[in-house]
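What follows is each chain in one-letter form.
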Amino acid sequence: MSAASKAAKRKRPPSSSTESSEDHGSVELSTFVKEEEEETEREEQGEEEASSTHDYDIDVDSPPLAPKAGVPHKRRRVEEIKPSSVSKRSTFVQRSSATPAPGTRSIKRLRSGASTNRAASEPATRVFALWKQDGHYYSGIVHSALPRRGSTKYLVKFDDGTEDEVELKNMRRSELYVGDSVIVSNGARGKVSDVRELESRGIFLVKVDDGEKTVASEVELADIRIANRVLQNQWKDRILDPEAIVTVIKPRLLTDTATPSHHSLASLPGRPQRELAKTGFVVTLSPKNSNPEQTKESMIKAIEHYGGQLIDDWSGVFTMDGRHSQSNKRWTVTPDDFHFKEGVTLDRVFLLADDANQKPKFLIALALGIPCLSFEWLTKASKFSEDWQPFLLSAGYSDVLSARVSQLVDLDWGNCSEYLQDILSNRVAPKLFSDKKFLCVGADFIPPHRGRKNASNIGRVREATRAVPWIILCMGASKVDAVTDTKQVSSKELRTFDYVIVKDTADVEDLRAVTVATVTWIKECLISSRIVPTNWTQS
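## Re the overall build of the chain
Part 1 of the argument: A tally of regular secondary structure across the chain gives 12 helices and 24 strands.
Part 2 of the argument: Within the span of the chain, comprising 539 residues, buried residues form 50% of the whole.
Part 3 of the argument: Excluding contacts between residues fewer than 6 apart, the proportion of contacts in the chain whose partners are at least 24 apart in sequence is 69%.
Part 4 of the argument: For the chain, the accessible area works out to roughly 26400 Å², and carbon and sulfur atoms hold 47% of it.

Dropping the structure here:
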């Protein structure tokens, strides 16, 4: 995240005790204890004088000041502790305090953070904490507790020199396991492969697979960030116990500081040169494109140039089978039939188009919350930019709203492979049909059986209609059935469906006991990101 894009907030000044330990190395334990006691006495006096003016209800999310430019990236010193000889798969290391005590010692169990006078030999708790400006977790140290009106926040000093007030639920213990997914400084996604030298040298190994080769690089904690989805799914065993948190000192007064909100993510040795490695693209063009062949060719060249992969359609990434029954006159699909394919080596996917359209590829992407981008992301700029957000297309034109509507996507999309592996659980995508059952009536809704000959020789209109059940499923439906006609469904079963979808309502005048809607209604709901009245076309 660039410094120019960050918004400012109220911050506290750095702790003098912490800085001295970083700049001057080890000190005598007795001297350290004496200085800590003197520091505590000075703080208590200062807090009594300022108690009438200090406001603990300050909005900590107010806009940040502009960051200072040119802040050098410093490597933090850690204690020389020999790594444990445990197996690599089960190994984890908790990084030492930024205020180390002299000599070699093992990490102790963290004590309660309720007391403000911690022992000089007890290291402050190291954590990965949320930086809300970009939604990622970064390494740092718990500096102080900030109790206010029944809830407690903590001042976390991040390893890049920034600081923020963070709730307990947005922190995790600073422990790394082999196999943890991380994002390294150049934006590449990798996995931790070795943490045995984290305590002794302050580094660990991360392997990055760019699709052609695997590169292992030595990195520091300050050079990585953890994606929110990864932490929520994989770090449940590293939740912090508030009674085990040790802070550096007591709370300090708020002051304005101009500090960057992000690590200075420098390039690492062995950096992959393929900017779009393990990134897939589904390409579709609007019907109004006057030169489709040339446009598609330029897209494909750009994808290949940056190391991306071209995907014919969504069935190349996700399983899309369903089950036929009743002599192929009925077809059923549930969420279990749609998931990330085994063996696919992609970490993220996008849809590329020249403009918004209502073709199946585009509509399925909208329903899944997959960003639909203008092909200019890859073809317009002379130098590639990882920032795809400026190239988001509209979701399309809503007739109900009489307006072009923006897409509803997660702006951190693709920063970890969890987005694809659990695609139907994307909470940002508008799951308008959550837990609803649908019945599609008409032969065109049923895809051909795999054993049927000449299954690929179908018209484009029919092919688009066959994608409708998948679009409905991706919009959150719990079950979608398609039948050639209503004779395949008993009257009792018919009443169990929340909606019956047809191409033309004139074909089903006898279905008065159920809610009937058209394919056009499905598209309008998706584009508008809301449930519109089923009779809106007649109003």
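## Notes on the sheet that holds strand E13 (residues 279-284)
The pairing of strands in a sheet happens through backbone hydrogen bonds and is either parallel or antiparallel.
Part 1 of the argument: What the 4 strands build is an open sheet, ordered E14-E13-E17-E18; its pairing is parallel. If you trace the sheet from one side to the other, it starts and ends with strand E14 (309-311) and strand E18 (372-374), each paired once. Strand-to-strand twist across the sheet, computed as the mean angle between neighbouring axes with direction ignored, equals 40 degrees.
Part 2 of the argument: Its contacts with the sheet place helix H5 (residues 292-305) against E13, E14 and strand E17 (348-353), and it is angled at close to 180 degrees to E13.
Part 3 of the argument: Its contacts with the sheet place helix H6 (residues 360-368) against E13, E17 and E18, and it is angled at close to 130 degrees to E13.

## Points about the sheet that holds strand E22 (residues 479-483)
Part 1 of the argument: Here 6 strands make up an open sheet; going across it, the order is E15-E16-E22-E21-E23-E24 and the pairing mixed. Whereas interior strands pair on both sides, the edge strands pair on one side only; in this sheet they are strand E15 (323-325) and strand E24 (516-518). Shown here is a sheet whose adjacent strand axes are inclined to one another by a mean of 25 degrees, direction ignored.
Part 2 of the argument: Here 3 bridges tie strand E23 (residues 499-502) to E24, and the two strands are oriented parallel to one another. What sits directly across from Val 500, in E24, is Val 516.
Part 3 of the argument: In the packing of helix H12 (residues 519-528) onto the sheet, the strands contacted are strand E21 (437-441), E23 and E24, and the crossing angle to E24 comes to about 75 degrees.

## Focus: H6
Part 1 of the argument: Buried residues dominate H6, accounting for 7 of its 9 residues.
Part 2 of the argument: Buried-residue contacts for H6 involve E13, E17, E18, strand E19 (394-398), helix H10 (468-474) and H12.

## Here's the deal with the pattern of salt bridges
Part 1 of the argument: Counted under the stated rule, the structure contains 17 salt bridges.
Part 2 of the argument: The partner of Lys 157 in a salt bridge is Glu 163, with the nearest N and O atoms 4.0 Å apart. Across this residue pair, the class does not change: Lys 157 and Glu 163 are buried.
Part 3 of the argument: The shortest N-O distance in the salt bridge between Arg 201 and Glu 218 comes to 3.6 Å. Within this pair, whereas Arg 201 is found in helix H3 (residues 198-201), its partner Glu 218 is found in strand E11 (residues 214-219), the two being separated by 17 residues in sequence.

## Things to note about unusual backbone geometry
Part 1 of the argument: Its identity as a non-glycine residue notwithstanding, Gln 326 has a phi of 50 degrees, on the positive side.
Part 2 of the argument: Looking at the secondary structure, you find Gln 326 in the loop between E15 and strand E16 (330-333).
Part 3 of the argument: Judged by its relative accessible area of 35%, Gln 326 is partly exposed.
Part 4 of the argument: The phi torsion at Ser 327 lies on the positive side, around 55 degrees, for a residue other than glycine.
Part 5 of the argument: Inspection of the secondary structure puts Ser 327 in the loop between E15 and E16.
Part 6 of the argument: Take Ser 327: its relative accessible area is 69%, and that puts it in the exposed class.

## Some points on the pairing of E21
Part 1 of the argument: The buried count for E21 comes to 4 of 5 residues, which makes it a mostly enclosed element.
Part 2 of the argument: Inspection of the sheet shows E21 paired to E22 by 5 bridges, in the parallel sense. The partner of Val 441 across the bridge, within E22, is Val 483.
Part 3 of the argument: Here E21 pairs with E23 via 3 bridges, running parallel. Opposite Phe 438, over in E23, you have Tyr 499 as the bridge partner.

Procedures and definitions
Residues numbered from 1 in each chain as written. Predicted model: local features only at pLDDT ≥ 70, side-chain atom pairs only at ≥ 80, totals over all residues. Heavy atoms only, no water. Helix = DSSP H or I, 4+ residues; strand = E, 2+ residues; numbered from the N terminus. Buried < 20%, exposed > 50% of the residue type's maximum accessible area, 1.4 Å probe, protein only. Contact = heavy atoms within 4.5 Å. Areas by Shrake-Rupley, 256 points an atom, 1.4 Å probe, with all protein chains shown as cover. Pairing = 2+ DSSP bridges. Axes fitted to C-alpha atoms, helices over the stretch in contact; angles between N-to-C directions. Salt bridge = Lys/Arg side-chain N within 4 Å of Asp/Glu carboxyl O.

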